[in-house]
Amino acid sequence: MQDSALAGLIAAFPQPVILIDTEGIVSCVNPAATDLFGVYIEGAHIRAHLRQPDVAAMLERVLAGRAEDSASFFTTTANQEIIWRVVARRADSKTIVLSLDDISDIESAEAQRRDFVANVSHELRSPLTVLAGFIETLQGPAGDDPAVRSEFLGIMAEQAGRMTGLVSDLLSLGRVEAVAKIRPRTPVAIDMVLDATIAALRPQFNAAQVELCSDIPKDLPEIPGDYDQLAQVFHNLIENGLKYGGSGGRLEIEARELASHPAFEGAVLCVCVRDKGDGIDAVHIPRLTERFYRVDKARSREDGGTGLGLAIVKHILSRHRGRLVIRSAPGKGATFSVLLPCF
């Protein structure tokens, strides 16, 4: 094949493609490779541009006669690290083809999966260890002591409840992700959702002696949504405000329609859950919706938190094309604002 025809062929590929000879000299590159390595790559030795140990070792094997091999190559931009899968194949006795595929998203998804499995395992291991220890104790002499038995059974019930809550949140998260790309269209009255949620949580407010102040107009427009999922959003946010902001003795819930918002086209429904508690340091706010992320891990577990509540909220709002905005500062409480498009 003519050099010009070969150059035209590899130019059609969107990913970087490099041709080298059996000595490792670059004979031809496509525009994507030039963008990645610069114009001086052609005519240079490939080792000058792919200098990372794994890639260098892979190239040595192919140059020595292997028909095909691959390795990972890392580049860094101003915003992120990019992971490339470099595949080297012999085209004929004189030419080796190198192609680079960006696998950053695949690697990121795999890392998230590993982290998720590790976090779930860790969250379940602690209560299971407690249960196993108490069961072993109750099977011994302590089982004949009514006071000890009653105390241990209470702790065991608490730990079992913690595992049940975790499994419930995991199932809920899975259900939300399963329909993440299907936007709900059923009209939902947010004032009804909020009234029902507040009524369900009223006993907790009374028990915690936290004052609840709500400003929820009855003339709010209906929005397209999933009633049960939106109820879960506000249940999680209000319950979190009670648990972690209840020290301020007051929780405010405000709903209003906005004619416009910078992040949306058209009218927006805004629901704010505002507490007067200890507040949250700014360093934590960007990570609050991550799965299993906790500002205060010990306190969250003591309060029955699974670390998944805000992750579920984020996914539900994403399905509704909405947003969660969090504003807080130490000593100034926290405001969680739900923004939902009215169309």
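All of these numbers come straight from a predicted model, not from anything done at the bench.

**As for the sheet that holds strand β5 (residues 95-102)**
Across the sheet, five strands lie side by side as β2-β1-β5-β4-β3; this open sheet has antiparallel pairing. Two strands close off the open sheet at either side, each with one partner strand: β2 (26-29) and β3 (68-76). Going from strand to strand, the sheet's axes swing by 25 degrees on average, the running direction of each strand aside. Judged from the seven bridges that link them, strand β4 (residues 81-90) and β5 form a sheet pairing that is antiparallel. Across the sheet, Arg89 pairs through a bridge with Val97, a residue of β5.

**Looking at unusual backbone geometry**
In the Ramachandran plot, Gln209 falls in the positive-phi region, its phi being about 55 degrees despite a non-glycine side chain. The residue Gln209 is located in the loop between α6 (190-208) and β7 (211-215) in this model. Residue Gln209 is classed as exposed on the basis of its relative accessible area, which comes to 71%. In this model, Phe292 sits at a positive phi of 70 degrees, which is unusual for a non-glycine residue.

**Section: the packing of α6 against helix α7 (residues 227-245)**
Between two packed helices, the angle of one axis relative to the other and the distance separating the axes together describe the packing. The contact between α6 and α7 brings their axes to 9 Å, and the two run at 30 degrees. Comparing their axes, α7 and α6 come out roughly parallel. Between α6 and α7 lies a crossing whose hand is right-handed. Residues Ile190, Met192, Val193, Leu194, Ala196, Thr197, Ile198, Leu201, Gln204, Phe205 and Ala208 of α6 form the contact with α7, whose participating residues are Tyr227, Leu230, Ala231, Phe234, His235, Ile238, Glu239 and Leu242. Class assignment of the residues belonging to the contact of α6 with α7 gives a composition of 15 nonpolar, three polar and one charged.

**What about the side chain of Ser337?**
Checked against the element boundaries, Ser337 lands in strand β12 (residues 334-341). Assessed through its relative accessible area of 6%, Ser337 is described here as buried. With residues near it in sequence (within four places) discarded, Ser337 still touches Cys270, Val271, Cys272, Arg323, Leu324 and Val325.

Criteria and thresholds
Residues numbered from 1 in each chain as written. Predicted model: local features only at pLDDT ≥ 70, side-chain atom pairs only at ≥ 80, totals over all residues. Heavy atoms only, no water. Pairing = 2+ DSSP bridges. Helix = DSSP H or I, 4+ residues; strand = E, 2+ residues; numbered from the N terminus. Axes fitted to C-alpha atoms, helices over the stretch in contact; angles between N-to-C directions. Buried < 20%, exposed > 50% of the residue type's maximum accessible area, 1.4 Å probe, protein only. Parallel < 35°, antiparallel > 145°, perpendicular 65-115°, else oblique. Left-handed = near helix turned anticlockwise from the far one by under 90°. Contact = heavy atoms within 4.5 Å. Nonpolar A, V, L, I, M, F, W, Y, C, P; charged D, E, K, R; others polar.

Geometric descriptors of this kind do not, in isolation, establish any biological role.
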